[in-house]
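# Notes for the structure review
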Amino acid sequence: MYSFRVSDMTCGHCVATVEKAVKSVDAAASVKIDLANIAVEIESTKPVARFAEAIEEAGYTPLLRG
Ligand SMILES: [Cu+2]
(Lines give C-alpha, C1' and ligand atoms only; values in the text may rest on other atoms or scores of the structure.)
Protein backbone atom coordinates (compact mmCIF):
# COMPACT_ATOMS: atom_id res chain seq x y z
CA MET A 1 0.00 0.00 0.00
CA TYR A 2 1.14 3.53 -0.80
CA SER A 3 0.54 6.29 1.66
CA PHE A 4 0.75 9.98 0.81
CA ARG A 5 0.22 13.18 2.72
CA VAL A 6 -1.40 15.80 0.53
CA SER A 7 -1.39 18.94 2.64
CA ASP A 8 -3.04 21.18 0.04
CA MET A 9 -6.12 18.95 -0.08
CA THR A 10 -8.66 21.06 1.80
CA CYS A 11 -12.21 20.12 0.84
CA GLY A 12 -14.47 17.55 -0.76
CA HIS A 13 -13.67 18.90 -4.19
CA CYS A 14 -9.96 18.31 -3.62
CA VAL A 15 -10.72 14.77 -2.47
CA ALA A 16 -12.71 14.07 -5.64
CA THR A 17 -9.94 15.54 -7.82
CA VAL A 18 -7.21 13.50 -6.14
CA GLU A 19 -9.34 10.36 -6.32
CA LYS A 20 -9.91 10.92 -10.03
CA ALA A 21 -6.17 11.38 -10.57
CA VAL A 22 -5.47 8.10 -8.79
CA LYS A 23 -8.09 6.27 -10.84
CA SER A 24 -6.65 7.70 -14.05
CA VAL A 25 -3.44 5.79 -13.29
CA ASP A 26 -5.19 2.58 -12.25
CA ALA A 27 -8.96 2.27 -12.55
CA ALA A 28 -8.79 -0.84 -10.39
CA ALA A 29 -6.87 0.87 -7.58
CA SER A 30 -8.45 1.00 -4.18
CA VAL A 31 -8.14 4.51 -2.77
CA LYS A 32 -8.93 5.74 0.71
CA ILE A 33 -8.79 9.45 1.45
CA ASP A 34 -8.94 10.90 4.95
CA LEU A 35 -9.35 14.64 4.56
CA ALA A 36 -8.97 15.42 8.28
CA ASN A 37 -5.56 13.76 8.24
CA ILE A 38 -4.72 14.86 4.66
CA ALA A 39 -3.99 11.20 4.02
CA VAL A 40 -4.30 9.30 0.75
CA GLU A 41 -3.89 5.53 0.82
CA ILE A 42 -3.65 3.61 -2.43
CA GLU A 43 -3.72 -0.11 -3.03
CA SER A 44 -2.40 -0.85 -6.51
CA THR A 45 0.19 -2.82 -8.46
CA LYS A 46 1.23 0.24 -10.51
CA PRO A 47 4.46 2.04 -9.53
CA VAL A 48 4.11 4.64 -6.80
CA ALA A 49 5.79 7.31 -8.95
CA ARG A 50 2.87 7.21 -11.37
CA PHE A 51 0.46 8.17 -8.60
CA ALA A 52 2.73 10.94 -7.32
CA GLU A 53 2.91 12.33 -10.86
CA ALA A 54 -0.84 12.17 -11.41
CA ILE A 55 -1.58 13.90 -8.10
CA GLU A 56 0.94 16.63 -8.95
CA GLU A 57 -0.59 17.08 -12.40
CA ALA A 58 -3.96 17.54 -10.71
CA GLY A 59 -2.45 20.50 -8.86
CA TYR A 60 -1.59 18.97 -5.50
CA THR A 61 1.59 18.20 -3.57
CA PRO A 62 1.90 14.54 -2.60
CA LEU A 63 4.44 13.59 0.06
CA LEU A 64 5.19 9.89 0.29
CA ARG A 65 5.03 8.59 3.84
CA GLY A 66 6.80 5.69 5.40
CU1 LIG B 1 -10.76 21.62 -2.21
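Above this text is the structure in question.
The sections below set out a description of the structure shown in this document. (Residues numbered from 1 in each chain as written. Predicted model: local features only at pLDDT ≥ 70, side-chain atom pairs only at ≥ 80, totals over all residues. Heavy atoms only, no water.)

### Some remarks on the pairing of strand S3 (residues 39-43)
Here is the rule we go by: Strand pairing follows a simple DSSP-based rule, namely that at least 2 bridges must link the two strands. Runs of H or I in DSSP of at least four residues are treated as helices and runs of E of at least two as strands, each being numbered from the N terminus.
As paired strands, strand S1 (residues 2-6) and S3 are joined by four bridges and run antiparallel to one another. Looking at S3, one finds that Arg5 is bridged to Ala39. Following strand S2 (residues 30-34), the chain reverses through four residues before pairing antiparallel with S3; Ile38 in that reversal takes a positive phi of roughly 40 degrees.

### So, the coordination of the copper ion
Selection criterion: Water is not among the atoms examined, so metal sites may look incomplete; donors are the N, O and S atoms within 2.8 Å of the metal, or within 3.2 Å for Na, K and Ca. Using a 1.4 Å probe on the protein chains alone, a residue whose accessible area is under 20% of its type maximum counts as buried, one over 50% counts as exposed, and one in between counts as partly exposed.
For the copper ion, the protein coordination sphere consists of Cys11 (SG) and Cys14 (SG), at 2.0 to 2.1 Å. Take Cys11: its relative accessible area is 33%, and that puts it in the partly exposed class. Residue classification places Cys14 among the buried positions, given a relative accessible area of 6%.

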